[in-house]
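Okay, here's what each chain looks like letter by letter:
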Amino acid sequence: MLSESTVPRAVLVFASISVFILLLYGASDSPRVHSSSSGYPFNIFPSRLGGSDSKIPINGGGDYNKLEKVLKEAAMEDKTVIIATLNEAWAAPNTVIDLFLESFRIGQGTRRLLDHLVIVALDEKAYRRCMELHTHCFALVTQGLDFHDEAYFMTHFYLEMMWRRIDFLRSLLEMGYNFVFTDADIMWFRDPFPRFFLDADFQIACDHFSGNSSDMRNRPNGGFNYVKSNKRSIEFYKFWYSSREIYPGYHDQDVLNFIKFDPFIEDLGLKMRFLDTAFFGGLCEPSKDLNLVCTMHANCCYGLDSKLHDLRIMLQDWKTFLSLPPTLIRSLSVSWRVPQNCSLNYVHQHDSPEKSVQQTLGH
Ligand SMILES: *[C@@H]1O[C@H](CO)[C@@H](O)[C@H](O)[C@H]1NC(C)=O
Ligand SMILES: *[C@@H]1O[C@H](CO)[C@@H](O)[C@H](O)[C@H]1NC(C)=O
């Protein structure tokens, strides 16, 4: 029997410390932007997006066939694809995209999932980097938007991109594809499919999980969800997208938190489930047991440097875990050394939409 002192101390954090971390950070609010429409210049720009019933202008409308081709090549037998979006800041060498793809390569049962991953590039640089790294790339370019402009414009751009994503995902559902949407700052350590609910239409990861996957009071995180293509999910995505007009200036995740209680969703018969952070964790609420973790999200994090710092430690922890003797893995509760640079900063700075945008775009 190995004594505790032979365990790499850096990686093994005992339950009490994990609990402490949870208590310390569990109280923090949703990490996504809480932007209010008042006093913020979202509305001075006319919307460049069509309504949810308009055909999405993918690359100006000409590349619908290209999308169909990429999806067909990447899809699993049951027409499921994994979708990640990528912007210039996260596509730069040695940044988020490299760590994301590395996690698939070293995860358990995740390498084969790369064949089903479609990276949706939001700008030209991201597209070019994707083509260097990966097989299935698609450019979703919003015409006339130059996000090198001033900060307020970047905020507008960012918010619009978030909503564009919802509209894009709705179009995938309409094309008959089921998808797992994942932010690229989510590490895939184990195949998540065995942990999904079989009968849910829409299932989503959480910043904080209440312990009950049916409880609408869970705090969902829009960065990871699994959606089955059917009438209910298509109508739900249309409803979600159109609700941005009722809550102008709000992020898609905030709007989801408003509409999840709407009787319309019950009328639709949409089965919504919230995923347990034990399997789908993040820096807000880490997966406590590395024997169970499927994905870990660098949420609750301010600043690209902090995010990269903690993601690298997360990957290192995972590698150390994989190298431990099986007896040790079973006999000890193994946990993470993160959050470190994330979270603490975040708690103090998360309420500024400008900063959230800079965080997302990596400035
Ligand atoms: C979980 O939440 C649902 C919806 O709020 C509720 O109906 C159910 O009783 C809860 N289950 C448990 C075990 O508390
Ligand atoms: C992480 O935090 C440490 C301690 O506060 C600091 O010295 C270091 O510069 C930070 N690193 C990054 C990449 O933010």
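For the structure itself, consult the block above.
Residues numbered from 1 in each chain as written. Chains lettered and ligands numbered in written order. Predicted model: local features only at pLDDT ≥ 70, side-chain atom pairs only at ≥ 80, totals over all residues. Heavy atoms only, no water.

Chemist: What exactly am I supposed to notice about the overall build of the protein here?
Modeler: Helices and strands together make up the secondary structure of the protein, namely 13 helices and ten strands. Residues counted as buried form 58% of the 363 residues belonging to the protein. Across the protein, every contact between residues at least 6 apart in sequence was considered, and the portion connecting residues at least 24 apart equals 76%. Here the protein has roughly 15400 Å² of accessible surface; of this, 52% comes from carbon and sulfur atoms. (Helix = DSSP H or I, 4+ residues; strand = E, 2+ residues; numbered from the N terminus. Buried < 20%, exposed > 50% of the residue type's maximum accessible area, 1.4 Å probe, protein only. Contact = heavy atoms within 4.5 Å. Areas by Shrake-Rupley, 256 points an atom, 1.4 Å probe, with all protein chains shown as cover.)

Chemist: Where do I start with the sheet that holds strand β8 (residues 272–274) in this structure?
Modeler: Pairing between the strands of a sheet comes from backbone hydrogen bonds, and it takes one of two forms, parallel or antiparallel. On the basis of which strands lie adjacent, the open sheet formed by seven strands has the order β3-β2-β1-β4-β7-β6-β8 and mixed pairing. Each having just a single partner strand, β3 (137–139) and β8 make up the two edges of the open sheet. Going from strand to strand, the sheet's axes swing by 30° on average, the running direction of each strand aside. Where strand β1 (residues 80–86) and strand β2 (residues 117–121) come together, five bridges link them in parallel fashion. By the bridge assignment, A84 is partnered in β2 with I119. (Pairing = 2+ DSSP bridges. Axes fitted to C-alpha atoms, helices over the stretch in contact; angles between N-to-C directions.)

Chemist: Explain the state of the cysteines to me, please; I cannot follow it from the model alone.
Modeler: Here a disulfide denotes a covalent bond joining the sulfur atom of one cysteine to the sulfur atom of another. Applying the stated criterion across every chain, the model contains three disulfides. At a sulfur-sulfur separation of 2.0 Å, the disulfide partner of C130 is C137. The disulfide joining C130 to C137 has a torsion of about -90° about its S-S bond and is therefore left-handed. Exposure class is identical for C130 and C137. Each is buried. Numbered by order of appearance in the sequence, the disulfide-linked cysteines of the protein pair as 1-2, 3-4, 5-6. (Disulfide = S-S within 2.5 Å.)

Chemist: What's the story with the sheet that holds strand β5 (residues 186–188) in this structure? I'm lost.
Modeler: As summarised here, the arrangement of the three strands in space is β5-β10-β9, forming an open sheet in which the pairing is mixed. Whereas interior strands pair on both sides, the edge strands pair on one side only; in this sheet they are β5 and β9 (280–282). When the angles between neighbouring strand axes are averaged without regard to direction, this sheet yields 20°. Here β9 pairs with strand β10 (residues 295–297) via three bridges, running parallel. Counted as the bridge partner of G282 is H297 from β10.

Chemist: Can you walk me through the pattern of salt bridges in this structure?
Modeler: Here the idea is simple: oppositely charged side chains can pair when their charged atoms come close. One pass over the full model with this rule turns up 19 salt bridges. The network of salt bridges with common partners includes D167, R170, E174, E235 and K238. (Salt bridge = Lys/Arg side-chain N within 4 Å of Asp/Glu carboxyl O.)

Chemist: It is not clear to me how the packing of aromatic side chains should be interpreted in this structure. Could you clarify?
Modeler: The relation between two aromatic rings is expressed through the spacing of the ring centres and the mutual angle of the planes. The final tally for this structure, using the stated rule, is 24 aromatic pairs. On the numbers, 6.1 Å between centres and 65° between planes, the contact of F202 with Y237 is edge-to-face. Of the two residues, F202 sits in strand β6 (residues 202–208) while Y237 sits in helix α7 (residues 231–242), which places them 35 residues apart along the sequence. Both rings, one in F236 and one in Y237, keep their centres 5.8 Å apart while their planes meet at 90°; by these two values the pair is edge-to-face. Linked through ring pairs, F100, F104, W188, F193, F196, F224, Y226 and F280 together constitute an aromatic cluster. Just above the ring of Y177 sits the side chain of K79; from NZ or CZ to the centre is 4.5 Å. Looking at R244, its charged tip hangs above the ring of Y241, at a distance of 4.1 Å from the centre. (Phe/Tyr/Trp six-rings, centres within 6.5 Å; stacked < 30°, edge-to-face > 60°. Lys NZ or Arg CZ within 6 Å of the ring centre and 35° of its normal.)

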